[in-house]
Amino acid sequence: MGNRTLSRLVIALALLVALPAGAQPRTVRIGFVSTLSGGGAALGQDVLDAFNLALRHLGNRLGGLPVEVLVADDQQNPDVARTAVERMLRRDRVDFVTGIIFSNVLLAVGDLVFQSQTFYISPNAGPSEYAGEQCNFYFLNVAWQNDNMHEAMGHYAQLKGYETAFILAPNYPAGRDALTGFKRFYKGRVIGEVYTRLGQLDYSAEIAQIRAAAPKAVYAFYPGAMGVNFIKQYAEAGLMQQIPLLLPGFSADADVIRAVGRPMVGVFNSSHWALELFNPINRRFVEDFRRTYNRIPTLYASQGYDAALALDHGLRAVGGDLSRKAEFRRAVLSGFETTRGRVRFNRNGYPIQNYYLRQVVEMPNGEIVNRLRGTIFRNHGDAYVSRCRLP
Amino acid sequence: MSGFPAALVLEQLLNGLQLGLMLFLLASGLTLVLGIMDVVNLAHGSLYMLGAYFAATLARATGSFWAGVALAVLATAGVGVLLEVSVLRRVYARDHLTQVLATFALILVFNEGVRMIWGPQALLLTVPQELARPVRLLPGLGYSAYRLFLIGVGIGLAAGLFLLIHRTRLGMWVRAGASNRAMAQAMGIPIRRVFTLVFGVSAGLCAVAGALLGPILAVQVGMGEEILILAFVVIVVGGIGSVKGALVGALLVGIVDTAGRALLPPLFLRLLPPEVASNLGPAVASILIYLLMAAVLFLRPQGLFPVRA
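From a predicted model like this one, the values you see are computed outputs, not experimental measurements.

Engineer: Account for the overall build of chain A, naming residues and giving values.
Structural biologist: Counting secondary structure elements, chain A contains 12 helices and 15 strands. Its C-alpha atoms give chain A a radius of gyration of 23 Å, within 12% of the compact-globule value 21 Å for 391 residues. Projected onto its principal axes, the C-alpha coordinates of chain A cover approximately 90 × 45 × 40 Å. By the burial criterion, 61% of the 391 residues in chain A qualify as buried. Taking the intrachain contacts of chain A between residues at least 6 apart in sequence as the baseline, contacts between residues at least 24 apart amount to 69%. Accessible surface computed for chain A: about 15400 Å², of which carbon and sulfur atoms make up 51%.

Shown next, in the form of structure tokens:
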């Protein structure tokens, strides 16, 4: 036997050994496209870490099937996301796509995913586009619709009886949606509505305007670093004690608190999830996330965890048969247990859930965290579902 | 401008001055490197980011904001010198496109490196206790002590830099290098060592800006890119290679940007119907500095204070 023949034999044997031995269950392939670099990286990393944690808790199986997760970084860039999603659908033949953080990125790839009849499970982005007329059979969102958290804070400002409010957001679609959501439930007088440049660094001009206008409350939607900048400067200008700053949960979560520190103590914000929500899933999630990653989980992390739970629940309901799509969808929509208790969904795929009031407090051990202060909305859906024609 | 309260106008001027002086710290280094060495250094913003990260880490380690800032400036200047000796020196002779690609690659390396060491979450750096209160400037005008301190530091460093450049031998060499590098070299100036020194100083200035802005901005990966764009606007307006141009450009950009955001939207609301004004006001305010840059380029293509006339 020549050396060449021998090597061929070895390769053939190796292939035989590597081949699956007959009727092994097939693997579920998840395409996880998220923002893992640049300014939004912290959000994507939280979702991914929590998604992986949930998989570990589920024994690396979803609905009884072994799991393979393919991860890609979209760099917060719609074009990059499109290329990654295309590759995952065509070459890797993933069964599900999930992970996207930013609405503009999701809107750029949604059609691609839906056309290939693949479910997209959103752990964050919740654009109004997919909630109304363009709602889609293959779209499921385990987080919220973009307007919801702002609606909750608008309602809270109304309940508190603040007669005047000054509201701010960056000048881009989600910023305009946010202030629209706030105004949908706040009926007092808006004495200033300011849209700033996306990515603006310095907010001294806006803060001086707020001081001059002297409103009863300020509401600001600034995602990521913009929020850290705005809140730090608001506190540094000495306004924190004079005019209450109201925030959506995104702008007052563990990641922002970590960057701003003590000046944030006292700030009220709205969220569908809280660290101390009392249920076994949330307890296990919070404890294990802290132990595994050595930081306090954010609401983004809870959503990543719940995305995996949604997949597990749906796949369990169809007995791991990936072709029973209508049943999968029905099972997820009818509800399942999450980190925020049992959540069910509207026909447009968006959740119907509670929205809570949280306040940033300093604990006796010096740790600064969000505490649950009350419930603003019970079983709250979104404003667009009536226009969705899905059954 | 009647109708705007005087206190508000004064406060905006101070805000503009503060932003402008911090921009100057970045732009002066950038303009010297570009003017003298003829290197387009996109990684300038990464040194600013590094300064902020070093300050946040060292302030926590030493328990003192001031020690953190001082050590961060030294450490970043060191990184700057290392960077010049190891990488940038190799691209001096190449064309600008190569330099842009190489220093862009450096941005990616720095961002990824910072993310690997410190993680993707933003870091905590807060205003030092002794400056965390307003100072009463006039009756009815309290102004942040920390921002006043930034203005002071900015003015001090600008003055120091002018003395260094106009009153010392090193400064003479730098000026000679900026206006005619080949001639300066022929006259026996140790250009290579001057380059390294200038690069170290400019990295140190980046670190001052990063460390001092850290308490009011987010200390996070990618923070250098946003401010780098502003710094480039400043040197285009001021003229490449000119520290005086960088100062005037930075103050113009700072004041025009701040004043525009505060005063334009209400001004538009007075002059135009509300539905037009509410869209046009914020839009024009956010592009005002680019309009300024276009206007300067139209009237003086070389910038306000060109070095090589």
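From this point on, the discussion continues.
Engineer: An account of the environment of Leu-23 of chain B is needed here, citing residue identities and associated values.
Structural biologist: Residues and elements named next belong to chain B. Structurally, Leu-23 can be placed in helix α1 (residues 6–37). Overall, the relative accessible area of 1% leaves Leu-23 in the buried class. Between the alpha carbons of Leu-23 and Gly-249 there is a distance of 9.2 Å; along the sequence they are 226 residues apart. Discounting residues that sit within four places of it in the chain, Leu-23 has contacts with Ile-227, Leu-230, Ala-231, Val-234, Ala-250 and Val-253.

Engineer: Give me the lowdown on helix α5 (residues 148–160) of chain A, citing residues and values where you can.
Structural biologist: All names here are of chain A. Under the 1.5 Å per step criterion, the end-to-end length of α5 is 18 Å for 13 residues, consistent within 8% with the ideal 18 Å. Along α5, the residues classified as buried are Asn-148, Met-149, His-150, Glu-151, Ala-152, Met-153, Gly-154, Tyr-156 and Ala-157. Positive backbone phi, at 75 degrees, marks Gly-161, one or two positions downstream of α5.

Engineer: So, the environment of Ile-240 of chain B: which residues are in play, and what are the values?
Structural biologist: Residues and elements named next belong to chain B. Considering the arrangement of structural elements, one finds Ile-240 in the loop between α9 (223–238) and α10 (243–271). Measuring from C-alpha to C-alpha, the distance between Ile-240 and Gln-302 comes to 7.8 Å, with 62 residues separating the pair along the chain. In this structure, Ile-240 is in contact with Thr-31, Leu-34, Gly-35, Ile-235, Gln-302 and Val-307, ignoring residues within four places of it in sequence.

Engineer: Please set out unusual backbone geometry residue by residue, giving values where relevant.
Structural biologist: Residue and element names in this part refer to chain A. The backbone of Asn-60 sits at a positive phi, close to 55 degrees, despite the residue not being glycine. Relative to the elements of secondary structure, Asn-60 occurs in the loop between α2 (41–57) and β2 (61–62). With relative accessibility at 46%, the residue Asn-60 sits in the partly exposed group. You will see that Gln-76, though not glycine, has its phi angle at about 60 degrees, which is positive. Inspection of the secondary structure puts Gln-76 in the loop between β3 (65–73) and α3 (78–90). For Gln-76, a relative accessible area of 33% corresponds to the partly exposed category.

Engineer: Explain the packing of aromatic side chains to me, and be specific about the residues and the numbers.
Structural biologist: One pass over the structure, following the stated rule, counts 34 aromatic pairs over all chains. Residues Phe-289 of chain A and Tyr-293 of chain A carry aromatic rings whose centres are separated by 4.9 Å and whose planes lie at 55 degrees to one another, so their mutual orientation is tilted. Of this pair, Phe-289 of chain A and Tyr-293 of chain A are both found in helix α10 (residues 280–293), four residues apart, which corresponds to roughly one turn of the helix. Judged by centre distance (5.2 Å) and plane angle (75 degrees), the rings of Tyr-92 of chain B and Phe-195 of chain B are edge-to-face. Here Tyr-92 of chain B is found in the loop between α3 (65–86) and α4 (96–118), whereas its partner Phe-195 of chain B is found in helix α8 (residues 191–213), with 103 residues between them in sequence. With respect to burial, Tyr-92 of chain B and Phe-195 of chain B carry one shared label: buried. Against the face of Tyr-195 of chain A rests Arg-176 of chain A, its NZ or CZ located 4.2 Å from the ring centre.

Engineer: If you had to explain the interface of chain A and chain B to someone new, which residues and values would you point to?
Structural biologist: Contacts between chain A and chain B engage 34 residues on the former and 35 residues on the latter. Of the roughly 3000 Å² buried between chain A and chain B, counting both surfaces, carbon and sulfur atoms make up 52%. The interface formed by chain A and chain B holds five salt bridges in total. Glu-206 of chain A is paired through a salt bridge with Arg-261 of chain B; the nearest N and O atoms lie 2.6 Å apart.

Engineer: Run through the pairing of strand β1 (residues 134–138) of chain B, naming residues and quoting values.
Structural biologist: Remark: a regular strand shows side chains that alternate across the two faces of the sheet. Residue and element names in this part refer to chain B. Note that β1 and strand β2 (residues 141–144) share four bridges and pair antiparallel. Across the sheet, Pro-134 pairs through a bridge with Ser-144, a residue of β2. As consecutive antiparallel partners, β1 and β2 are separated by two residues, and within that stretch Gly-140 has a phi angle of approximately 90 degrees, a positive value.

Engineer: Now, about the state of the cysteines: what can you tell me, with residues and values included?
Structural biologist: Structurally, a disulfide amounts to a covalent bond that connects the sulfur atoms of two cysteines. Residues and elements named next belong to chain A. Taken as a whole, this structure holds one disulfide over all chains when the rule is applied. With a sulfur-sulfur separation of 2.1 Å, Cys-135 is cross-linked through a disulfide to Cys-388. Looking down the S-S bond of the Cys-135 and Cys-388 bridge, the torsion is 80 degrees, so its handedness is right-handed. Pair noted here: Cys-135 is in the loop between β5 (119–122) and β6 (139–141) and Cys-388 is in the segment after β15 (368–380), with a separation of 253 residues, a long-range link. According to the relative accessible area criterion, Cys-135 is buried, its value standing at 12%.

Engineer: Any chance you could break down the sheet that holds β5 of chain A for me, citing the residues and the numbers?
Structural biologist: Residues and elements named next belong to chain A. Strand order in the open sheet formed by six strands is β2-β3-β1-β4-β5-β6, with mixed pairing between adjacent strands. What marks the edges here is a single partner per strand, and that holds for β2 and β6. With three bridges connecting them, strand β4 (residues 96–98) and β5 associate as parallel partners. Bridge pairing in β5 places Thr-98 opposite Ile-121.

Engineer: Any chance you could break down empty space enclosed by the protein for me, citing the residues and the numbers?
Structural biologist: Taken as a whole, this structure holds five cavities of 30 Å³ or more when the rule is applied. Volume-wise, the largest cavity comes out at about 140 Å³. Every residue lining the largest cavity is counted, 16 residues in all, and those nearest its centre are Ala-42, Gly-224, Ala-225 and Asp-255 of chain A together with Gln-220 of chain B. For the lining of the largest cavity, the secondary-structure elements that each account for two or more residues are α2, α8 (224–236) and α9 (254–260) of chain A. Per-element accounting of the lining of the largest cavity gives the leading share, three residues, to α8 of chain A. Looking at the lining of the largest cavity, its residues break down into 10 nonpolar, five polar and one charged.

Definitions and limits used
- Along each chain, numbering runs from 1 in the same order as the chain's sequence is written.
- Key to labels: chains lettered from A, ligands numbered from 1, both in the order written.
- Where local features are concerned, this predicted model is filtered to residues with pLDDT of at least 70; where side-chain atom pairs are given and counted, the filter is 80 or more; whole-chain, interface and lining totals use all residues.
- Side-chain descriptors were evaluated using all non-hydrogen atoms of the structure, hydrogens and water having been removed beforehand.
- Note on conventions: DSSP H or I runs of at least 4 residues are helices, E runs of at least 2 residues are strands, and numbering of each starts at the N terminus.
- All radius of gyration figures rest on C-alpha atoms, and the globule criterion is 2.2 Å times the number of residues raised to 0.38.
- Burial classes: relative accessible area under 20% of the type maximum marks a residue as buried, over 50% as exposed, and values in between as partly exposed (1.4 Å probe, protein chains only).
- Throughout, a residue-residue contact means that at least one pair of heavy atoms, one from each residue, lies within 4.5 Å.
- Per-residue and other accessible areas were derived by the Shrake-Rupley procedure at a 1.4 Å probe size, with only the shown protein chains allowed to occlude residues.
- By this rule the span expected of a helix is its residue count minus one, scaled by 1.5 Å.
- Stacked, tilted and edge-to-face pairs are distinguished by plane angle, under 30 degrees for stacked and over 60 for edge-to-face with tilted covering the rest, among Phe, Tyr and Trp rings (Trp via its six-membered ring) whose centres lie within 6.5 Å.
- Only lysine NZ and arginine CZ atoms are considered, and such an atom sits over a ring when it is within 6 Å of the ring centre and within 35 degrees of the ring normal.
- Here the buried area means the combined drop in accessible surface, using a 1.4 Å probe, for two parts upon being joined, counting both sides.
- Think of a salt bridge as a Lys or Arg side-chain nitrogen and an Asp or Glu carboxyl oxygen that are within 4 Å of each other.
- Pairing between strands is defined by DSSP: at least two bridges between the two strands are required.
- Note on terminology: pairs of cysteine sulfur atoms within 2.5 Å are recorded as disulfides.
- Here the term cavity refers to a set of points on a 1 Å grid, laid over the protein atoms alone, in which a 1.4 Å probe fits but cannot get out; the term pocket refers to an open set having protein on both sides within 12 Å along at least five of seven lines, with lining residues being those that place an atom within 4 Å of a point.
- Grid points are joined across faces, edges and corners, and a volume is the space filled by probe spheres set on the points.
- Each residue receives one of three labels: charged for Asp, Glu, Lys and Arg, nonpolar for Ala, Val, Leu, Ile, Met, Phe, Trp, Tyr, Cys and Pro, and polar for the others, Gly being one of them.

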